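Here is how the chains run, residue by residue.
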Amino acid sequence: MRLAVTGSIATDHLMVFPGRFAEQLTEDRLERVSLSFPVDRLEIRRGGVAANISFGLGLLGLRPVLVGAVGDDFEPYRVWLKQHGVDTDSVLVSQEHHTARFVCTTDRVQNRIATFHAGAMTQARGIDLRRVVGRTGRLGLVMISPDDPEAMLRHARACRDLAIAFAVDPSQQLARLSGAQVLELIEGARWLFTNEYESALLEERTGLGPAKLLRRVGCWVTTRGAAGVRVRREGRPELVVPAVEVPGVVDPTGVGDAFRAGFLAGTAWGVPERCAAQLGCVLAATALDYVGSQEYRLYRESVLARLRTTYGVGCAAHLATHLRGLT
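What counts, and where the lines are drawn
- Starting afresh in each chain, residues are numbered from 1 along the sequence in its written order.
- With the structure being a predicted model, the display of local features is reserved for residues of pLDDT at least 70 and the display and counting of side-chain atom pairs for 80 or more, all residues being used for whole-chain, interface and lining totals.
- Values shown for side chains rest on all heavy atoms present in the structure; no hydrogens or waters enter the calculation.
- Any two strands are treated as partners once DSSP identifies two or more bridges connecting them.
- Each helix corresponds to a stretch of at least 4 residues labelled H or I by DSSP, and each strand to a stretch of at least 2 residues labelled E; elements are numbered beginning at the N terminus.
- Between N-to-C directions, angles cover 0 to 180 degrees, with each direction set by a line fitted to C-alpha atoms, over the stretch in contact for helices.
- Should any heavy atoms of two residues lie within 4.5 Å, those residues are considered in contact.
- Pairing of aromatic side chains here covers Phe, Tyr and the six-membered ring of Trp, requires ring centres within 6.5 Å, and sorts the geometry by plane angle: under 30 degrees stacked, over 60 edge-to-face, intermediate tilted.
- Buried, partly exposed and exposed residues are distinguished by accessible area as a fraction of the type maximum, computed with a 1.4 Å probe on protein chains only: under 20%, between the cut-offs, and over 50%, respectively.
- Any Lys NZ or Arg CZ found within 6 Å of a ring centre and within 35 degrees of that ring's normal is scored as a charge over the ring.
- Small angles under 35 degrees read as roughly parallel and large ones over 145 as roughly antiparallel, with 65 to 115 read as roughly perpendicular and the rest as oblique.
- For any helix crossing, the convention is left-handed if the near helix is rotated counterclockwise from the far helix by under a right angle, and right-handed if that rotation is clockwise.
- Residues enter a nonpolar core if they are buried and are Ala, Val, Leu, Ile, Met, Phe, Trp, Tyr or Cys, with the set joined through side-chain atoms within 4.5 Å.
- Directions are taken from the helix axis to each C-beta atom, and the arc is the one they span.

Engineer: Just to check I follow, could you spell out the sheet that holds strand β11 (residues 191–195) for this structure?
Structural biologist: Note: strands within a sheet are paired through backbone hydrogen bonds, in either parallel or antiparallel orientation. Here we have eight strands laid out as an open sheet, ordered β4-β1-β9-β10-β11-β12-β13-β14, and mixed in their pairing. Both outer strands of the open sheet, β4 (65–67) and β14 (239–241), are each paired with one neighbouring strand and no more. Strand-to-strand twist in this sheet, taken as the mean axis angle between neighbours without regard to direction, amounts to 20 degrees. In the sheet, strand β12 (residues 220–223) pairs with strand β13 (residues 229–232) via four bridges, with the strands oriented antiparallel. What sits directly across from Val221, in β13, is Val231. Running over the sheet, helix α3 (residues 129–136) touches β1 (3–6), β4 and β9 (141–144) and is turned about 160 degrees from β4.

Spelled out as structure tokens, the structure:
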């Protein structure tokens, strides 16, 4: 099944503050905050949700189609993605803006403060999925990840019009979408992805509880950090998959994107949903071992060992054949 991933493509500026943000905040002064956090380390890495998901899918051998907007500074990044199995020929290159920038500082207990400059991403609303399909042929699934809000809505409409299955990850763009826009975005999605905080925000923004939201989507996948993943479908028992234990977290940036890559790969291969979620958790754990969203590597025996150790042999057996392309 050919997958396309739409959304942000960015450069990440990642910093580490050796203290705790909470220790620098004064409760009665929060209305006027002016703080500077001296950091120990700066890492400049490739990022953006769509690019991160595509990178993970590429490592797993699926050759995803990346769809998004970048600046004319993108060429070295394009080469990197192509080297890792990503089709970048449907990426729009802006002549007016730089590629988006994500700036994130993490404290010693993994709290994060981040800012994001959209840059060229604002032009993603001009991308027509019909042209992507015309170039690539029929798509089995489109993953709509955080992007220019109008682009996200346009892609969802195109998927419905073209009868293409799609998944939605509204993520940080929930803050910019109205309740009506959120409902339009997710209507008919095969999968809806959120983390726990975003789940609550989604309910608040739409005014609907889980039961009513589940009537609009095929499946709702919620990542819960160290507590693992919850998978819900209307009329079925809730599926809970524990996380893979990671003794020492190096960097949490992009961990959710790695999970989505593993989950989507599993569904593309047709393995049971539990196995897809387990593979997603293994990729998430692997990403936590590295600084940056696209620095991790996948080794067949390491992936299978983590699957067996955490979950037993069942899903490892389902996935082993599909992972034979890994070294």
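Engineer: Is there a simple way to think about the packing of aromatic side chains in this case?
Structural biologist: The description of two aromatic rings rests on the distance between their centres and on the angle between their planes. By the definition in use, this model includes nine aromatic pairs. Relative to Phe37, the ring of Phe21 lies with its centre 4.8 Å away and its plane at 65 degrees, an arrangement referred to as edge-to-face. Of this pair, Phe21 sits in the loop between β2 (10–16) and β3 (41–47) while Phe37 is found in the loop between β2 and β3, placing the two residues 16 residues apart along the sequence. Residue Phe37 is classed as partly exposed on the basis of its relative accessible area of 22%. Site record: aromatic cluster; members linked through ring pairs are Trp191, Phe193, Phe259 and Phe263. Arg46 extends its terminal NZ or CZ atom over the ring of Trp80, reaching a point 3.8 Å from the ring centre.

Engineer: Explanation requested: the packing of helix α1 (residues 49–59) against helix α8 (residues 255–269) in the structure shown.
Structural biologist: Helix-helix packing is described using two parameters, namely the angle between the two axes and the distance between the axes. It is at 8 Å that the axes of α1 and α8 come closest, and there the two elements cross at 50 degrees. Considered as vectors, α1 and α8 are oriented oblique to each other. Crossing of α1 against α8: the hand is right-handed. Contacts from Val49, Asn52, Ile53, Gly56 and Leu57 of α1 reach α8 at Asp257, Arg260, Ala261, Leu264 and Ala265.

Engineer: Any chance you could explain unusual backbone geometry here in plain terms?
Structural biologist: Most peptide bonds are trans, and most residues other than glycine sit at a negative phi. Its identity is not glycine, yet Arg63 carries a phi of approximately 45 degrees, on the positive side. Tracing the backbone shows Arg63 in the loop between α1 and β4. The phi dihedral of Ser171 falls on the positive side, at around 45 degrees, and the residue is not glycine. Summarising the element assignment, Ser171 is placed in the loop between β10 (166–168) and α5 (179–186). Judged by relative accessible area, which is 12%, Ser171 ranks as buried.

Engineer: Looking at this structure, how should I read the nonpolar core?
Structural biologist: Soluble, globular proteins show a tendency: their nonpolar side chains are buried together. Of all hydrophobic cores here, the largest spans 65 residues; its most connected members are Leu57, Phe193 and Val221. No other element matches the 10 residues that helix α9 (residues 273–287) contributes to this core. Setting aside residues no more than four positions away along its own chain, Phe193 makes contact with Met143, Ala167, Val168, Asp169, Pro170, Val221, Phe259, Arg260, Phe263 and Leu264.

Engineer: Hey, could you run me through helix α2 (residues 75–83) in this one?
Structural biologist: Since one α-helical turn is 3.6 residues long, residues separated by three or four positions face the same way. Within the span of α2, buried status applies to Tyr77, Arg78, Trp80 and Leu81. Looking straight down α2, one finds its buried side chains confined to an arc of 160 degrees; they lie on one side. Turned more than 90 degrees away from the buried face of α2, the exposed residues are Pro76 and Gln83. Elements that come into contact with the buried residues of α2 comprise β2, β3, α1, β4 and β6 (92–93). The positive-phi residue at the C-terminal boundary of α2 is Gly85, with phi of around 85 degrees.

Engineer: Before we go on, may I ask you to explain the sheet that holds strand β7 (residues 100–106) in this structure?
Structural biologist: Strand order in the open sheet made by the four strands is β3-β2-β7-β8, with mixed pairing throughout. A strand with exactly one partner marks an edge of an open sheet, and here the two such strands are β3 and β8 (112–117). Direction aside, neighbouring strands of the sheet carry axes that sit 15 degrees apart on average. Where β7 and β8 come together, six bridges link them in antiparallel fashion. Bridge assignment links Cys104 to a residue of β8, and that residue is Ala114.

Don't take any of this as a statement about function, it's just geometry.
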